[in-house]
Amino acid sequence: MNKWSDNRAWWLVLPVVLIVAFSAVIPLMTVVNYSFQDTFGNNEFFWEGVGWFQEVLRSERFHSAMGRQFLFSFIILAIEIPLGIVIALAMPRKGFWVPFCLILMALPLLIPWNVVGTIWQIFGRIDIGLLGAFLDNIGVEYNYTQNTLDAWVTLVVMDVWHWTSLVVLLCYAGLQSIPDAYYQAARIDGASKWATFRYIQLPKMNRVLLIAVLLRFMDSFMIYTEPFVVTGGGPGNDTTFLSIDLVQMAIGQFDLGPAAAMSLIYFLIILLFSWVFFTIMSYLDRVEN
Amino acid sequence: MARIELNHLAHSYMPTIQSPEEFALKELNHVWEDGGAYALLGPSGCGKTTLLNIISGLLIPTHGEIRFDGEDVTRKATEARNIAQVFQFPVIYDTMSVYDNLAFPLRNRGVAANDVDRRVREIAELLELSDTLKHKASGLTADAKQKISLGRGLVRADVSAILFDEPLTVIDPHLKWQLRSQLKHLHKRFNYTMVYVTHDQTEALTFADKVVVMYDGAVVQMGTPEELFERPKHTFVGYFIGSPGMNVVPCHIDGDKAMVAGHAFAMEQGFSKIPTGASLEVGIRPEFLSLSREGSGPEVSIQKVEDLGRFKVASVRLEEHEFKVMVGEDQEVPTDGARLIVDPTHVNLYANSHLVEEA
């Protein structure tokens, strides 16, 4: 092979470099810049080193927001993944009702996030909300603005309502890719419903399930709009998740240094989890082949 | 093992039937003997898979009944019928080892652990899978996977019948031979009733004792490979079996001879009464035609000669009719003045595509 001695070909890479620079690298580096320095305006900066990181990592506020965030993601996954599988299994495999079910499932996914928040905010209000007023009238004490448990239940139910469909659709796609012969063979081999699920359906779904877990983890870990609209992080700070906390810090209090440090930590956590998932997925791929 | 009876069996995929054309499987009556190897042969869409699915219980026929050893199983579910089936693409349980795959049908039926172990090892030995028992089934080659599918059927000692739905489609050609002879061997040794669906005539003819040829939803002939070759009951069987297929040309009858374009073809075995007004055709296999400069046959013109290695196939023209003639590897094809010599013992007469029986 002849090597090109002409370096003008580098110009061809320039557009991509520019796009990536302006859309990702420069904004991210700005955040990095803020995270290591302090400023009092006038574009004057003072070197802080890892001070902001230490402050964030040691702060009680960050710890509790992080704890709430993990708890929320865990509850979401623990409900949405099994529920999604069950619904996908219950959906008809073919026939008249398939498009109907698919549209029904897709509907919640099409609603903008702040609209979902608004729907549930109103739905749960005890004065005019259908759910809130109904519960109030039958004597159930329910008030998501004052009771922590009620606020959490409302947010979890809202997220399940909004996002279980995604898991359902992914699982359904996985199930549809199983040839009929597998079910016929299972019947001939005398497999029970559970054995069919355990040895045919679940193995064929494992790839899509990993994607579903990854997507739902990332999305729920970054959740902002819906809880912000419904509870605003309250009562107190009881539903203040990481992103809500971050926005309060950066925009409410204008603490750019700690906010930048927290952004990077937040980003690294998500990156770490995505990497772990990716590693597991490619490992499973290798095992299968 | 069981004897399979098909009584007045017919099936249509339409909810209501307006015309006989809507039957994917037209009415048939057959008895398949216990321990027989049967091949269902026909082109795509001829109804052979429909018939197989009715036998395995995946489909309930519109009409008629099906009996295993006299017991009516028409409406019985697949799992209650005690049959095994090997599908076109190997079906294996990916997450299980080869051993667990083979043990699965037994464990589902609550067979004791040491019986399971004994059976699995026996079958693995038979199918030459012993070395891979501990391996994960998903990593194996297509033919090993297909052996596992087969093994899951054989492992149950009491299956009524083993059904094969084009099981060698995804297998490499050189392994096809091997698997096929293994199947034959198993059949001889254990006397399973086997039903084998295929569109490949070589597969059908080498595997089966009796070949059931299907065409357009109906069984056109059931017979030994020899019968199908020598006396095809329908012109379709003549075309479909043999390579190249049978020559079928229009004719009329003059006395005891068939007249093709003014030339008489003698027919040694004679024929019974011909239905009046039927369109007549004469069918002669390329194997029973030859070309020669001498003799009394009609003169033909050679169109082309294809050399297929072991033999040559000459396409010749007699007036407007074309014939394929099989010529031995070492024989010369006369380039001019060739005469078509017909073996009079192998000339079949067809009325409306059906064979006119011997007198």
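Please read all numbers here as calculations on a predicted model, not as lab measurements.

So, how was this worked out
- Residues numbered from 1 in each chain as written.
- Chains lettered and ligands numbered in written order.
- Predicted model: local features only at pLDDT ≥ 70, side-chain atom pairs only at ≥ 80, totals over all residues.
- Heavy atoms only, no water.
- Helix = DSSP H or I, 4+ residues; strand = E, 2+ residues; numbered from the N terminus.
- Rg over C-alpha atoms; globule rule 2.2 N^0.38 Å.
- Buried < 20%, exposed > 50% of the residue type's maximum accessible area, 1.4 Å probe, protein only.
- Contact = heavy atoms within 4.5 Å.
- Areas by Shrake-Rupley, 256 points an atom, 1.4 Å probe, with all protein chains shown as cover.
- Salt bridge = Lys/Arg side-chain N within 4 Å of Asp/Glu carboxyl O.
- Pairing = 2+ DSSP bridges.
- Axes fitted to C-alpha atoms, helices over the stretch in contact; angles between N-to-C directions.
- Left-handed = near helix turned anticlockwise from the far one by under 90°.
- Nonpolar A, V, L, I, M, F, W, Y, C, P; charged D, E, K, R; others polar.
- Domains from an automatic or database assignment.
- Buried area = accessible area lost by both parts, 1.4 Å probe.
- Polar contact = N/O pair within 3.5 Å; in protein donor to acceptor, adjacent residues only side chain to side chain.
- 1 Å grid on protein atoms, 1.4 Å probe; cavity = no way out; pocket = protein on both sides within 12 Å on 5 of 7 lines; lining within 4 Å.
- Points joined across faces, edges and corners; volume = space filled by probe spheres on them.
- Phe/Tyr/Trp six-rings, centres within 6.5 Å; stacked < 30°, edge-to-face > 60°.
- Lys NZ or Arg CZ within 6 Å of the ring centre and 35° of its normal.
- Expected span 1.5 Å × (residues − 1).

## Digging into the overall build of chain A
A tally of helices and strands in chain A yields 12 helices and 2 strands. In chain A, the succession of α and β elements from N to C terminus is α-β-β-α-α-α-α-α-α-α-α-α-α-α. Over its C-alpha atoms chain A spans a radius of gyration of 24 Å, topping by over 25% the 19 Å that the globule rule assigns to 289 residues. For the C-alpha atoms alone, the extent of chain A along its principal axes is close to 80 × 75 × 30 Å. Burial analysis of chain A (289 residues in total) assigns 41% to the buried set. Sequence-distant contacts, at least 24 apart, represent 68% of the contacts inside chain A between residues at least 6 apart. Accessible surface, chain A as shown: approximately 16,700 Å² in total, 70% of it carbon and sulfur.

## A few points about the pattern of salt bridges
Within the structure shown, the criterion is met by 20 salt bridges over all chains. In this structure, Asp-127 of chain A engages Arg-125 of chain A in a salt bridge whose closest nitrogen and oxygen atoms are separated by 3.0 Å. Under the relative-accessibility criterion, Arg-125 of chain A is labelled partly exposed at 30%. Among the salt bridges present, the one from Arg-152 of chain B reaches Asp-189 of chain A, with a minimum N-O distance of 2.7 Å. Remark: Asp-189 of chain A occurs in the loop between helix H8 (180–188) and helix H9 (193–221) and Arg-152 of chain B occurs in helix H5 (residues 142–154); the pair is interchain, linking two chains. Given a relative accessible area of 3%, Asp-189 of chain A falls into the buried group. Three or more residues are tied together by salt bridges with common partners; here these are Glu-80, Asp-159, Arg-216 and Asp-219 of chain A.

## Here's the deal with the sheet that holds strand S13 (residues 257–260) of chain B
All names here are of chain B. Spatially, the 3 strands line up as an open sheet ordered S12-S13-S14, and their pairing is antiparallel. Each edge of the open sheet is held by one strand with a lone partner, namely strand S12 (252–254) and strand S14 (263–266). Put simply, the sheet's adjacent strands are angled 40° from each other on average, direction ignored.

## Focus: the packing of helix H3 (residues 60–90) of chain A against H9 of chain A
All names here are of chain A. Relative orientation of the contacting elements H3 and H9 amounts to 145°, with a least axis distance of 10 Å. When the axes of H3 and H9 are compared, the crossing they make is right-handed. For the pair H3 and H9, contact is made by Gln-69, Phe-70, Phe-72, Ser-73, Ile-76, Leu-77, Glu-80, Ile-81, Ile-85 and Leu-89 and by Phe-197, Gln-201, Met-205, Leu-209, Ala-212, Val-213, Arg-216, Phe-217, Ser-220 and Phe-221, respectively. A breakdown of the residues in the contact of H3 with H9 according to their chemical character gives 14 nonpolar, 4 polar and 2 charged.

## Structural notes on the domain arrangement of chain B
A common way to express how large an interface is: the accessible area buried when the components associate. All names here are of chain B. Partitioning chain B into domains gives domain 1 (4–235) and domain 2 (245–355). Inter-centroid distance (C-alpha atoms) of domain 1 to domain 2 is 38 Å. With 8 residues of domain 1 at the contact, the number on the domain 2 side is 14 residues. A combined buried area of about 990 Å² lies between domain 1 and domain 2, and 54% of that area is made up of carbon and sulfur atoms. Contact with domain 2 buries area across many residues of domain 1, yet Phe-229, Arg-231 and Thr-235 alone supply 55% of it, more than any other trio. In this assembly, domain 1 and domain 2 are joined by 0 salt bridges. Where domain 1 packs against domain 2, one counts 8 residue pairs in polar contact (both at pLDDT 80 or more). With 3 residues, the single largest contributor to the side of domain 1 that touches domain 2 is helix H8 (residues 225–230).

## Examining empty space enclosed by the protein
Residue and element names in this part refer to chain B. Counting across every chain of the model gives 4 cavities of 30 Å³ or more. Each pocket or cavity is described by its volume, and for the largest cavity that value is around 60 Å³. If you go around the largest cavity, the residues you meet are Val-86, Gln-146, Lys-147, Leu-150, Phe-164, Pro-167, Leu-168, Leu-179 and Leu-183. Contributing elements (two or more residues each) for the lining of the largest cavity: H5 and helix H6 (173–190). At 3 residues, the largest contribution of residues to the lining of the largest cavity is made by H5. Residue composition of the lining of the largest cavity, by class: 7 nonpolar, 1 polar and 1 charged.

## What to know about the packing of aromatic side chains
Using the criterion set out here, one finds 29 aromatic pairs over all chains in the structure. On the basis of an interplanar angle of 65° and a centroid distance of 6.2 Å, the ring pair of Phe-72 of chain A and Trp-152 of chain A is categorised as edge-to-face. A residue pair is termed long-range when its members are at least 10 positions apart, and Phe-72 of chain A in helix H3 and Trp-152 of chain A in helix H7 (residues 148–176) qualify at 80 residues. Ring centres of Phe-96 of chain A and Trp-97 of chain A lie 5.2 Å apart, and the angle between their planes is 80°; this geometry places the pair in the edge-to-face category. Each member of the aromatic cluster is reached from another via a ring pair, and the members are Phe-70, Phe-217, Phe-221, Tyr-266 and Phe-273 of chain A. In this structure, Arg-180 of chain B packs its charged tip against the face of Trp-177 of chain B, placed 4.7 Å from the ring centre.

## Here's the deal with H7 of chain A
Compared with the 42 Å implied by 1.5 Å per residue over 29 residues, the 41 Å span of H7 of chain A between its first and last C-alpha is a close match. Where burial is concerned, most of H7 of chain A is hidden: 21 out of the 29 residues are buried.

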